[in-house]
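# Observations on the three-dimensional arrangement
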Amino acid sequence: MSRGVLAVAESVDGHLAASGREAAAAARSLSEGGTVTGLVLGTALAGPAGELSRAGVDRVLTMEAPALEGRRALPWAAGIAAAAAATSASVVVLPGTAFGRELAGAVGSLWDAPATAGVTEIVGSDAEGIEVARPAFGGRATQRLKLTGPRIVLALRANSVPPAPPAAVPAPIEPIPAPELAAGILAGEPVGFAAAASTGGPELTQAAIVVSGGRGLKAPENFALLEELARSLGAAVGASRAVTDAGWKPSSYQVGQTGKSVAPQLYVAVGISGAIQHLVGMMSSRVIVAINSDPNAPIFRVADFGIVGDLFQIVPALTAEIRRVRGLAEPGRSPGA
Amino acid sequence: MEILVLVKPVPESESRLRPSPDGRQLDTEGVKFVLAGYDESAVEQALLLKESVPGSKVRAVALGPAARAEEVLRATLALGCDAATLLEAPPGRELDGAETARALALAAAKGPADLILLGKQSGDQETGILPTALAARIGRPGFSNVLDLRWDPGSNRFRFARATEAGEERWEVPAPLVVGLQQAWNDPRTAKLQNILRSRKLPIDRIPAAEVAAALGPAPRESATKFLLPPPRTGAKMIEYGRPEEAAEQLVRILRDTARVLP
């Protein structure tokens, strides 16, 4: 059954966020031949709109308004509901970000539609509705649920849907006016921003590969070993609570129950024993590798592949091997030098 | 300041998870439902704000089967909340997020609140959509993933940080406001025994299931279809090796050719 689907994308530093490409790809699979419309909201949208126009959508709408600057869920939701109505979309797909979850709630209420978030799989779709799967209980279970009715709202989980290959011909881009927004939902204003301590790689919850370190690294300066490994993989760097509590790394690095939940394609736990606190934050990862000197470390029970050994020898060997197979230069040497 | 703090009864974190007999959802037989996760932080933050702003009152609100909801509301009263409202869930009716927001809006409508506080996501389903679903329902600004929530009496505004993938935004927003909390200033407190005993006798306001049902749509729009547990982890396949380089070669070969997770 073909249906119109609206895919909403966020932008980061003037570019389309990867989560927007994933939303576009999921929208395409749900459309079953119907029209897929991409939507970007805010200000200075030319860059992200151009990128979205090659992400597998049939057309792109740009909703430009100062009131949509900054990420406020309710004004965005009003804009999304208006765009859905204008395009006769029956499904809205939202990106797998923290803000995507906020949008799912607000769009669900404004559009009076069932909504869910953290979707890792579209299980099925028929004339009644859409069945999806999402992790629950800290990744200890998967709940499948079916949303039904003439309007449905889904927010994805990052890294769950492969983005479409870039289209050769860009989809047309058109502006759409923002709806009138009630003053009440625009009360207050952003007064500052502190960028997260940069790990030099992708953001932790959005990364396809995460390399995390624990107390087994013995000292904060030894994180350099992990950072080298992460660079060779294009991975984000995370840490266990022991590490962030000890102040070796800022709390923004923490993976676990009281930190960030991650579900990358590949999770490499180095020198992490595997306290339940940590496990619930990473157990949904597709493939888990553990490197630890203690053969009885609980992390080996949840890992798919394990290496018992001295991480100070294993990690550099692993970095060198990954560089070799990926054809990457050693650091400090320019390619071809 | 009038604060509403919304809490959800969720299975104790040590509960054994298994599918219900029909396979659709968690089997709740014998499972203890408690106040947990981000909701505990929300209650702690509500009490900290109450203590820092003289004359403040905190009302806890829970939606669920009566016995479970009463249990978590008694826990909030033992911790220091001043009053409690129990929204009886219509038995057997599955609610989507927008409908849950409609039900909770009934409690919000009983008296003006300057702040409606809840955990950024529940401790069981972890969908994380309710703070903004409720905000949109009642037409008030709503923010989730909030940390460091302060009240500035001079400007009559809340000041807070909000976590995003890129970093922390700082906001100043006047009351009334809906906040999905990521972290309170402190770790959640524990209740004193005498307060636990005293809380058993305190009154709880009730909104009956019929009134909740009347606020919902005509038919459910969301239903659980299957509750799946991951296949039991059999433990890692351990890589046997002599030199570290051999371990690295084997692992990379597996990740690239078998698991196909290398870029």
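Residues numbered from 1 in each chain as written. Chains lettered and ligands numbered in written order. Predicted model: local features only at pLDDT ≥ 70, side-chain atom pairs only at ≥ 80, totals over all residues.

### Section: the overall build of chain A
Secondary structure assignment for chain A yields nine helices and 18 strands. Scaling as 2.2 N^0.38, a compact globule of 337 residues should have a C-alpha radius of gyration of about 20 Å, and chain A matches this with 21 Å. Counting only C-alpha atoms and orienting by the principal axes, one finds that chain A spans roughly 60 × 45 × 40 Å. The proportion of buried residues among the 337 residues of chain A is 59%. Considering only residue pairs separated by 6 or more positions, chain A has 65% of its internal contacts joining residues 24 or more positions apart. (Helix = DSSP H or I, 4+ residues; strand = E, 2+ residues; numbered from the N terminus. Rg over C-alpha atoms; globule rule 2.2 N^0.38 Å. Buried ≥ 20, exposed ≤ 12 C-beta atoms within 10 Å, placed from the backbone. Contact = placed C-beta atoms within 7 Å.)

### Side note on unusual backbone geometry
For residues besides glycine, phi is generally negative; the peptide bonds are generally trans as well. Between alanine 175 of chain B and the following residue, proline 176 of chain B, the backbone shows a cis peptide bond with an omega angle of -5°. The backbone of alanine 44 of chain A sits at a positive phi, close to 50°, despite the residue not being glycine. Phi at lysine 218 of chain A takes a positive value of approximately 75°, unusual for a residue other than glycine. The topology assignment puts lysine 218 of chain A in the loop between strand 14 (209–213) and helix 5 (223–233).

### Some remarks on the domain arrangement of chain B
In terms of domain boundaries, chain B breaks down into domain 1 (2–215) and domain 2 (230–263). Just the C-alpha atoms count here: the centres of domain 1 of chain B and domain 2 of chain B sit 44 Å apart. (Domains from an automatic or database assignment.)

### Some points on the interface of chain B and chain A
Tallying the contact residues gives 64 residues for chain B and 77 residues for chain A. The element that contributes the greatest number of residues to the side of chain B that touches chain A is helix 7 (residues 244–258) of chain B, accounting for ten residues. For the side of chain B that touches chain A, the class distribution of residues is 32 nonpolar, 14 polar and 18 charged. Two strands pair when backbone bridges link them, and strand 10 (residues 141–148) of chain A and strand 12 (residues 222–228) of chain B are joined in this way by six bridges, in the antiparallel orientation. Bridge assignment links lysine 146 of chain A to a residue of strand 12 of chain B, and that residue is serine 223 of chain B. (Nonpolar A, V, L, I, M, F, W, Y, C, P; charged D, E, K, R; others polar. Pairing = 2+ DSSP bridges.)

### Overview of the pairing of strand 5 (residues 59–64) of chain A
All names here are of chain A. Two strands pair when backbone bridges link them, and strand 4 (residues 36–42) and strand 5 are joined in this way by six bridges, in the parallel orientation. Paired with glycine 38 across the bridge in strand 5 is valine 60. Running through helix 2 (residues 46–52), the crossover from strand 4 to the neighbouring parallel element strand 5 is right-handed. (Right-handed = clockwise from strand over helix to strand, strands pointing away.)

### Considering the sheet that holds strand 9 (residues 167–174) of chain B
As summarised here, the arrangement of the ten strands in space is 13(A)-9(B)-8(B)-7(B)-10(B)-6(B)-1(B)-4(B)-5(B)-11(B), forming an open sheet in which the pairing is mixed. Of all strands in the sheet, those with a lone pairing partner are strand 13 (189–195) of chain A together with strand 11 (205–207) of chain B, marking the two edges. Within this sheet the neighbouring strands show an average axis-to-axis angle of 30°, counted without direction. The sheet contact formed by strand 8 (residues 157–163) of chain B and strand 9 of chain B spans seven bridges and is antiparallel. The residue of strand 9 of chain B that forms the bridge with arginine 159 of chain B is glutamate 172 of chain B. (Axes fitted to C-alpha atoms, helices over the stretch in contact; angles between N-to-C directions.)

### Quick word on the pairing of strand 13 of chain A
Summarising burial for strand 13 of chain A: zero of the seven residues are buried, a small minority. As paired elements, strand 13 of chain A and strand 9 of chain B share six bridges and run antiparallel to each other. What sits directly across from glutamate 189 of chain A, in strand 9 of chain B, is glutamate 172 of chain B.

### Structural notes on the domain arrangement of chain A
Residue and element names in this part refer to chain A. When cut into domains, chain A gives domain 1 (5–186) and domain 2 (204–326). Of note, the centres of domain 1 and domain 2, computed from C-alpha atoms alone, are 32 Å apart. On the domain 2 side, the residues contacting the nine residues of domain 1 number ten residues. The residue inventory of the side of domain 1 that touches domain 2, partitioned by class, reads three nonpolar, four polar and two charged.

### Some points on the packing of helix 4 (residues 98–111) of chain A against helix 3 (residues 97–108) of chain B
Remark: helix 4 of chain A packs on helix 3 of chain B, axes separated minimally by 8 Å, with the N-to-C direction vectors making an angle of 75°. When the axis of helix 4 of chain A is compared with that of helix 3 of chain B, the two are roughly perpendicular. Taken together, the residues of helix 3 of chain B that come into contact with helix 4 of chain A (itself represented by Gly105, Gly108 and Ser109 of chain A) are Gly97, Ala98 and Ala101 of chain B. (Parallel < 35°, antiparallel > 145°, perpendicular 65-115°, else oblique.)

### Focus on the environment of glutamate 240 of chain B
Relative to the helices and strands, glutamate 240 of chain B is located in the loop between strand 13 (237–238) and helix 7. Linking glutamate 240 of chain B and glutamine 250 of chain B, residues ten residues apart in sequence, is a C-alpha distance of 8.9 Å.

### What to know about the sheet that holds strand 5 of chain A
All names here are of chain A. Taken in spatial order, the seven strands line up as 7-11-6-1-4-5-12 in an open sheet, and their pairing is parallel. The open sheet terminates on both sides in strands that have one partner only, identified here as strand 7 (115–119) and strand 12 (173–175). If you compare each strand with its neighbour and ignore which way they point, the axes differ by 25° on average. Inspection of the sheet shows strand 7 paired to strand 11 (residues 152–156) by three bridges, in the parallel sense. Across the sheet, the residue bridging to valine 119 is leucine 156, located in strand 11. Seen against the sheet, helix 1 (residues 18–31) touches strand 1 (5–9), strand 4, strand 6 (91–94) and strand 11 and runs at an angle of roughly 175° to strand 1.

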